[in-house]
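Coordinates in review
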Amino acid sequence: TEIAPGAVHVPQWLTLEQQRELVTACRGWATGPVPIRHTRLPRGGVMSVQTVCLGWHWQPYQYTRTAGDVNGRRVAAFPDWMVELGRRALTAAYADAPTAADCTPDTYTPDTALINFYDGQARMGMHQDKDERSSAPVVSLSIGDTCVFRVGNTETRTKPYTDIELASGDLFVLGGPSRYVFHGVPKVHEGTADPATGLTSGRLNITMRVTGLPG
Ligand code: MD3
Ligand code: FE
């Protein structure tokens, strides 16, 4: 379903087995070289969401190879199998909306992933993703609790916006004219996760991106 030009929702894209495998992989990264943490914001706040990164370490306004705000170590590599998963995701999302992509699935090469974990109280305020030096699409995969995902406009963090539910296994691709829209997660429906995913509580979201940074 195309929510806005370039913003495509593919419900139930991941199989239960793929979801379980991703949960297992994410558990490993969360306790890897740079453990999952609540990101500190420049103005002194702390995000309610917990994040662990692959390939590049994200902090507001910058991507670095090492995690200066955690333990100074280099983040885990972005795996080749996730590049392939990202390409399959673009193919699935843009099959019926080919004009939306500013890059074709076979050349799409994400080099970083932000893995966000939401407990029942976690939220993400309305924001734009502008720290990447590339306008290539962002691929989002959700596992666990269902959430409300708010897709807004490129001008303001307020109305008009569209609220949709993102459930376990759903794919969302943001590209083309929707790449720089304000968006957020105002609500997680606690306790809606299917334990067969491997997550008994909370919500996991994986976003793959192209940083546009050298090697
Ligand atoms: C729209 N994550 O990590 S995923 C984020 O569910 C983020 O954890 C949310 O927003 C989450 O920055 C939403 C869907 C998504 C991801 C990236 C986008 C929507 C986007 C980039 C541009 C516009
Ligand atoms: Fe975002």
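The shown structure was predicted, so the numbers you read here are calculated from the model rather than taken from an experiment.

Check the secondary structure of the chain and you find two helices and 14 strands. Relative to the compact-globule value of 17 Å for 215 residues, the chain shows a C-alpha radius of gyration of 16 Å, a close match. Projected onto its principal axes, the C-alpha positions of the chain cover 45 × 40 × 35 Å. Burial status across the chain gives 38% buried among its 215 residues. Here the contacts in the chain between residues at least 6 apart in sequence split such that 77% fall between residues at least 24 apart.

What follows concerns the site of ligand 1. Neighbouring ligand 1 are 15 residues, the closest being D129, V138, S140, L174 and N205. Elements represented by at least two residues in the shell around ligand 1 include exactly β7 (112-118), β9 (138-144), β12 (171-174), β13 (183-188) and β14 (203-209). Residue composition of the shell around ligand 1, grouped by class: eight nonpolar, five polar and two charged.

Taken in spatial order, the four strands of this open sheet run β8-β13-β10-β11, and their pairing is antiparallel. Bordering the open sheet on either side are β8 (124-127) and β11 (162-166), each of which pairs with just one other strand. Neighbouring strand axes in the sheet, compared pairwise and without regard to direction, differ in orientation by 25° on average. Sheet topology places strand β10 (residues 147-151) next to β11; five bridges connect them, and they run antiparallel. The residue bridging R150 from the neighbouring strand is D163, located in β11.

In this sheet, strand β2 (residues 7-10) lies alongside strand β1 (residues 2-4) in antiparallel orientation, the contact comprising two bridges. Its bridge partner lying in β2, A4 is registered against A7. The hairpin turn running from β1 into β2, its antiparallel successor, is two residues long, and G6 in that turn takes a positive phi close to 85°. Here β2 pairs with β12 via four bridges, running antiparallel. Residue pairing in the sheet places V8 in a bridge with V173 of β12.

Taken in spatial order, the eight strands make up an open sheet running β1-β2-β12-β9-β14-β7-β4-β3, and their pairing is antiparallel. The open sheet terminates on both sides in strands that have one partner only, identified here as β1 and β3 (37-40). Strand-to-strand twist in this sheet, taken as the mean axis angle between neighbours without regard to direction, amounts to 30°. Contacting β4 (46-54), β7, β9 and β14, helix α1 (residues 16-30) crosses the sheet at an angle of about 100° to β9. Where helix α2 (residues 80-94) meets the sheet, its contacts fall on β2, β7, β9, β12 and β14, and the angle it forms with β12 comes to roughly 80°.

Thresholds applied
All residue numbers refer to positions counted from 1 along the written sequence of the respective chain. Each chain is given a letter, starting from A, and each ligand a number, starting from 1, according to the order in which they appear as written. The predicted nature of this model means local features are confined to residues of pLDDT at least 70 and side-chain atom pairs, given and counted, to a pLDDT of 80 or more, with totals for whole chains, interfaces and linings taken over all residues. A run of H or I in DSSP becomes a helix once it reaches four residues, and a run of E becomes a strand once it reaches two; helices and strands are each numbered from the N terminus. Throughout, radius of gyration means the C-alpha value; the globule benchmark is 2.2 Å times the number of residues raised to the power 0.38. Exposed residues have 12 or fewer other C-beta atoms within 10 Å of their own C-beta, buried residues have 20 or more, and partly exposed residues fall in between, where C-beta atoms are placed from the backbone. Contacts here follow a simple rule: the backbone-placed C-beta atoms of the two residues must lie within 7 Å. By definition, a residue lies near a molecule or strand when the C-beta atom built from its backbone is within 6 Å of it. Gly is placed with the polar residues, together with every amino acid not listed as nonpolar (Ala, Val, Leu, Ile, Met, Phe, Trp, Tyr, Cys and Pro) or charged (Asp, Glu, Lys and Arg). Following DSSP output, two strands are said to pair if at least two bridges run between them. Comment: axis = line fitted to C-alpha atoms, over the contacting stretch for helices; angle = value between 0 and 180 degrees taken between N-to-C directions.

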